[in-house]
Amino acid sequence: MAQGKQLGGPVNNRRTWRMYYTATYGSCGPISCTITDKITFRVDFDPGIKASRVFMNYRYFPSTGKFGRPGFSTRAYIPNLQIGDAYVDAFNEGSITKYIPQGWSLKGRGFQFDITTHTPVNGQQKFVAYHSGWGACNTASTPTCKW
């Protein structure tokens, strides 16, 4: 079973699961808080029969340098079975695509994906975990996977 809470929803005719989330850093006084750093993440999961594509993009603005370069790990699941994972230690602002080799065909099966990001903040790693909803692939000769 995937970690964290469910985030995002299906796009692209229900063939992609998209998540957006934001990490902020700031200082608070007695009345209000001032955000000095903000990282916005976008993650897309595109399921495939033998391997699935994970696209991540992040933008860091405004920035006083409180956050280090984030990385992520992601996994694919069918009920009661983890079927593959991908890990990116850290990457520069922009986007990256990874493929999760599954080892098991998703044809005729349900599936779910999770992602855990790690972002250095003042020398400490902060982890955030989310997961997609459940999807399924049909049993056609060229299966279609949808949420």
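Before reading further, recall that the structure is shown in the block above.
A short tour of the structure in this document, coming up.

Each value, and the rule that gives it
- Residues numbered from 1 in each chain as written.
- Predicted model: local features only at pLDDT ≥ 70, side-chain atom pairs only at ≥ 80, totals over all residues.
- Heavy atoms only, no water.
- Salt bridge = Lys/Arg side-chain N within 4 Å of Asp/Glu carboxyl O.
- Helix = DSSP H or I, 4+ residues; strand = E, 2+ residues; numbered from the N terminus.
- Buried < 20%, exposed > 50% of the residue type's maximum accessible area, 1.4 Å probe, protein only.
- Pairing = 2+ DSSP bridges.
- Axes fitted to C-alpha atoms, helices over the stretch in contact; angles between N-to-C directions.

## Observations concerning the pattern of salt bridges
- If you walk through the whole model with that rule in mind, you get four salt bridges.
- The partner of D114 in a salt bridge is R75, and the shortest N-O contact between them spans 3.6 Å. Here D114 is found in strand β9 (residues 110-121), whereas its partner R75 is found in strand β6 (residues 71-78), with 39 residues between them in sequence.
- D114 gets classed as buried once you look at its relative accessible area, which sits at 0%.

## Considerations on the pairing of strand β3 (residues 16-28)
- Note that strand β2 (residues 9-11) and β3 share three bridges and pair antiparallel. Residue pairing in the sheet places V11 in a bridge with T16 of β3.
- What sits between the antiparallel neighbours β2 and β3 is a turn of four residues, in which N12 has the positive phi angle 55°.
- Pairing analysis gives 12 bridges linking β3 to strand β4 (residues 33-46), with the strands arranged antiparallel.

## Points about the sheet that holds β2
- Ordered in space as β2-β3-β4-β5-β8, the five strands form an open sheet in which the pairing is antiparallel. The open sheet is flanked by β2 and β8 (94-101), the only strands paired with a single partner. Across the sheet, the axes of successive neighbouring strands diverge by a mean angle of 25°, strand direction being ignored.

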